[in-house]
Amino acid sequence: MDIIKKATVPLVMLLVVVVVWVGLYIYYESSQIEINPLADSYVSQLQKTFDLEELEEVNRRTKDHFPVLPEVFFMLVGRD
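Residues numbered from 1 in each chain as written. Predicted model: local features only at pLDDT ≥ 70, side-chain atom pairs only at ≥ 80, totals over all residues. Heavy atoms only, no water.

Asks: Tell me about the overall build of the protein chain, and name the residues and values.
Replies: Within the protein chain one finds three helices and zero strands. Ordered by position from N to C terminus, the α and β elements of the protein chain give α-α-α. On C-alpha atoms alone, the protein chain measures out to a radius of gyration of 31 Å, which is more than a quarter above the 12 Å that the 2.2 N^0.38 rule sets for 80 residues. Along the longest, intermediate and shortest principal axes, the C-alpha atoms of the protein chain span 90 × 40 × 20 Å. In the protein chain, which comprises 80 residues, the proportion classed as buried is 1%. For the protein chain, the accessible area works out to roughly 8,500 Å², and carbon and sulfur atoms hold 67% of it. (Helix = DSSP H or I, 4+ residues; strand = E, 2+ residues; numbered from the N terminus. Rg over C-alpha atoms; globule rule 2.2 N^0.38 Å. Buried < 20%, exposed > 50% of the residue type's maximum accessible area, 1.4 Å probe, protein only. Areas by Shrake-Rupley, 256 points an atom, 1.4 Å probe, with all protein chains shown as cover.)

Printed below as a string of structure tokens:
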């Protein structure tokens, strides 16, 4: 009878660990995320050099179409 009393606590703890382990295993297996096979196209590296003509075109469009230039906007926001 003495051996049963001594073994009860470790056996209950072992049972709890096994139940938690099995529960976590089932949870992680059911919550796997499907990765898009086209994900490589989203993480492609940028070119090492920029096309200066394209950059000048972006600057021109910014000056032509924005009511306030970005430099002025940042100064206005900095005042508040």
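More follows now that the structure is in view.
Asks: Mind laying out the pattern of salt bridges, listing which residues take part and the relevant values?
Replies: Any two side chains of opposite charge can pair, given that their charged atoms come close. By the definition in use, this model includes four salt bridges. Ionic pairing is found between Asp 2 and Lys 6, a salt bridge with its closest N-O pair at 3.7 Å. In this pair, Asp 2 and Lys 6 both sit in helix H1 (residues 2–30), four residues apart, roughly one turn of the helix. The shortest N-O distance in the salt bridge between Asp 64 and Arg 60 comes to 2.9 Å. Of the two residues, Asp 64 and Arg 60 are both situated in helix H2 (residues 52–65); the distance of four residues between them amounts to about one turn of the helix. For Arg 60, a relative accessible area of 42% translates into the label partly exposed. Salt bridges linked by common partners bring Glu 57, Arg 60, Arg 61 and Asp 64 together as one network. (Salt bridge = Lys/Arg side-chain N within 4 Å of Asp/Glu carboxyl O.)

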